[in-house]
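What follows is each chain in one-letter form.
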Amino acid sequence: MLTERFGKTPNMEAILFLIGLNEYRGRIPRIKFSKEQKQDLMHVAVCSLLSQSGFYELEGYDEEGWPHYKESDTVKTTSMEEQEVLLKEHILNYFEMS
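A quick note: this is a predicted structure, and the numbers were derived from the prediction, not measured.

> I keep staring at the pairing of strand 2 (residues 67-71) and nothing clicks. Help me out?
Strand residues, when the strand is regular, have side chains that alternate between the two faces of the sheet. In this sheet, strand 2 lies alongside strand 1 (residues 56-61) in antiparallel orientation, the contact comprising five bridges. The residue bridging G60 from the neighbouring strand is H68, located in strand 2. Linking strand 1 to strand 2, which pair antiparallel, is a turn of five residues; within it G65 sits at a positive phi near 95°.

> Please explain helix 4 (residues 80-97) as it appears in this structure.
Three or four residues apart is the spacing at which side chains of an α-helix point the same way, because the helix has 3.6 residues per turn. Its 18 residues place the ends of helix 4 26 Å apart at the C-alpha level, agreeing with the 26 Å of an ideal helix rising 1.5 Å per residue. Where the residues of helix 4 are buried, they touch helix 2 (12-23) and helix 3 (35-51).

> I'm lost on helix 2 in this one. Help?
Taking 1.5 Å per residue, twelve residues should reach 16 Å; helix 2 reaches 16 Å between its end C-alpha atoms and fits that length. By the burial criterion, the buried members of helix 2 are I15, L16, I19, G20 and E23. Buried residues in helix 2, looked at end-on, bunch into an arc of 135°, giving them a common side. At its buried positions, helix 2 is contacted by helix 1 (2-6), helix 3, strand 1, strand 2 and helix 4. Two or three places before E13, at the start of helix 2, stands the capping residue N11, its side-chain oxygen 3.2 Å from that residue's backbone nitrogen.

> Any chance you could explain the side chain of H90 here in plain terms?
Topologically, H90 is positioned in helix 4. A polar contact of 2.7 Å, which involves the side chain of H90, links it to the backbone oxygen of L86. Contact partners of H90, with chain neighbours within four places excluded, come to L49, L50, Q52 and S53.

> I tried to follow the packing of helix 2 against helix 4 on my own but got confused; where do I start?
Geometrically, a packed helix pair is captured by the angle between its two axes and the distance between the axes. Packing of helix 2 against helix 4 leaves a shortest axis separation of 12 Å and a crossing angle of 45°. Classified by the angle their axes make, helix 2 and helix 4 are oblique. The chirality of how helix 2 crosses helix 4 is left-handed. Listed contacts from helix 4 to M12, I15, L16, I19, N22 and E23 of helix 2 are E84, L87, K88, I91, Y94 and F95. For the contact of helix 2 with helix 4, a count of residues per class yields eight nonpolar, one polar and three charged.

> Explain the packing of helix 2 against helix 3 here, please?
Viewed as axis vectors pointing N to C, helix 2 and helix 3 meet at an angle of 80°, and their least axial separation amounts to 7 Å. Taken together, helix 2 and helix 3 sit at an angle that is classed as roughly perpendicular. Here E13, L16, F17, I19, G20, L21 and E23 of helix 2 lie close against helix 3, whose contacting residues are K38, L41, M42, V44, A45, V46, S48 and L49. Its residues assigned to classes, the contact of helix 2 with helix 3 comprises ten nonpolar, two polar and three charged.

Calculation rules
- Residues numbered from 1 in each chain as written.
- Predicted model: local features only at pLDDT ≥ 70, side-chain atom pairs only at ≥ 80, totals over all residues.
- Heavy atoms only, no water.
- Pairing = 2+ DSSP bridges.
- Helix = DSSP H or I, 4+ residues; strand = E, 2+ residues; numbered from the N terminus.
- Expected span 1.5 Å × (residues − 1).
- Contact = heavy atoms within 4.5 Å.
- Buried < 20%, exposed > 50% of the residue type's maximum accessible area, 1.4 Å probe, protein only.
- Arc of directions from axis to C-beta.
- Polar contact = N/O pair within 3.5 Å; in protein donor to acceptor, adjacent residues only side chain to side chain.
- Axes fitted to C-alpha atoms, helices over the stretch in contact; angles between N-to-C directions.
- Parallel < 35°, antiparallel > 145°, perpendicular 65-115°, else oblique.
- Left-handed = near helix turned anticlockwise from the far one by under 90°.
- Nonpolar A, V, L, I, M, F, W, Y, C, P; charged D, E, K, R; others polar.

Structure below.
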């Protein structure tokens, strides 16, 4: 679906950035996001994705529209590969639910 929409297959960082943008409820600036803001958006995406399995819980949004999550449970994966597989599974679920 993403390949069809964007004309190429996005990498994991690009997918997380897109999900983070989707979860952000603030005003999208007409200028580019800073490097730190891009990292924040990817973190928002990870928290949002892992909230599907109860690892994080949405606490609410601040005055700028940034979602804030609290950790509910610890992700028990031992390797980077397992973490990537877990994220990929949650990404698929995210787009299936959209």
